[in-house]
Amino acid sequence: MSTQTKPNHIGRKISRIRELKDMKQEALAYALGVSQQTISAIENSETVDEEKLIEVAKALGVSVEAIKNFSEEGVINYFNSFNEAVNNSHFGNNISCTFNPLDKLVESFEENKKLYERLLQAEKDKIEYLEKLVKGK
């Protein structure tokens, strides 16, 4: 099955944008308050009325123009230019951490261990207090 977008097939463009956003038809249907079958029908329609298109665009978090002007080639060009910009930036591929991630992990573990020990001691103190209350009766 080809995923290529026909130039004016609005439904297919909606479908591709939804897929690129990793959204299922059911999620879009829920956002619009319609059934999944309605979304399927919209995505299979070559045209979509303007009012419904506005609702769909809002649910997808894009503009109506983005849907109307969507093209697979445009998406590929966007990501290629983004990757080129990152590779040509002054950071290049030499991005490095200013801290040792293992140190942060150990530090976090130590903090959690101290917290656990304090909570455990508080529970022991409660038990000791309750035992004294029970023996006192």
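Criteria and cut-off values
Residues numbered from 1 in each chain as written. Predicted model: local features only at pLDDT ≥ 70, side-chain atom pairs only at ≥ 80, totals over all residues. Heavy atoms only, no water. Salt bridge = Lys/Arg side-chain N within 4 Å of Asp/Glu carboxyl O. Helix = DSSP H or I, 4+ residues; strand = E, 2+ residues; numbered from the N terminus. Axes fitted to C-alpha atoms, helices over the stretch in contact; angles between N-to-C directions. Left-handed = near helix turned anticlockwise from the far one by under 90°. Contact = heavy atoms within 4.5 Å. Nonpolar A, V, L, I, M, F, W, Y, C, P; charged D, E, K, R; others polar. Buried < 20%, exposed > 50% of the residue type's maximum accessible area, 1.4 Å probe, protein only. Arc of directions from axis to C-beta. Polar contact = N/O pair within 3.5 Å; in protein donor to acceptor, adjacent residues only side chain to side chain. Core = buried A, V, L, I, M, F, W, Y, C linked by side-chain atoms within 4.5 Å.

## Focus on the pattern of salt bridges
Side-chain pairing between opposite charges can occur once the charged atoms of the two side chains come close.
Then, in step 1: Applying the stated criterion across every chain yields a total of seven salt bridges.
Then, in step 2: With a closest N to O distance of 3.7 Å, Glu128 and Lys132 form a salt bridge. Taken together, the residues span about one helical turn, with Glu128 and Lys132 both in helix α7 (residues 101-136) at a distance of four residues.
Then, in step 3: Within the structure, one salt-bridge network assembled from shared partners comprises Arg16, Arg18, Glu19 and Glu43.

## Some details on the packing of helix α2 (residues 25-32) against helix α4 (residues 50-60)
Then, in step 1: α4 packs onto α2 with a crossing angle of 115° between their chain directions and a minimal axis gap of 10 Å. As α2 packs across α4, the resulting crossing turns out to be right-handed. Residues Leu28, Ala31 and Leu32 of α2 form the contact with α4, whose own contacting residues are Glu55, Val56, Ala59 and Leu60.
Then, in step 2: Of the residues belonging to the contact of α2 with α4, the class tally is six nonpolar, no polar and one charged.

## A closer look at α4
Then, in step 1: Those residues of α4 that fall on the buried side of the exposure criterion are Leu53, Val56, Ala57 and Leu60. Buried residues of α4, seen end-on, are gathered within an arc of 100° and therefore sit on one face of the element. The exposed set on the far side of α4, more than 90 degrees from its buried face, consists of Glu51 and Lys58.
Then, in step 2: In this structure, the buried residues of α4 make contact with α1 (10-20), α2 and α5 (64-68).
Then, in step 3: In this structure Asp49 caps α4, since a side-chain oxygen of it lies 3.1 Å from the backbone nitrogen of Glu51.

## Points about the nonpolar core
Then, in step 1: By size, the foremost hydrophobic cluster in this structure holds 17 residues, and its most contacted members are Ile14, Leu53, Leu60 and Ile67.
Then, in step 2: When residues of this core are traced back to their parent elements, those giving at least two are α1, α2, α3 (36-43), α4 and α5.
Then, in step 3: Of the residues forming this core, the biggest block, four residues, is contributed by α4.
Then, in step 4: Not counting chain neighbours up to four residues away, the residues in contact with Leu60 comprise Ile14, Ile17, Arg18, Lys21, Met23, Leu28 and Ile67.

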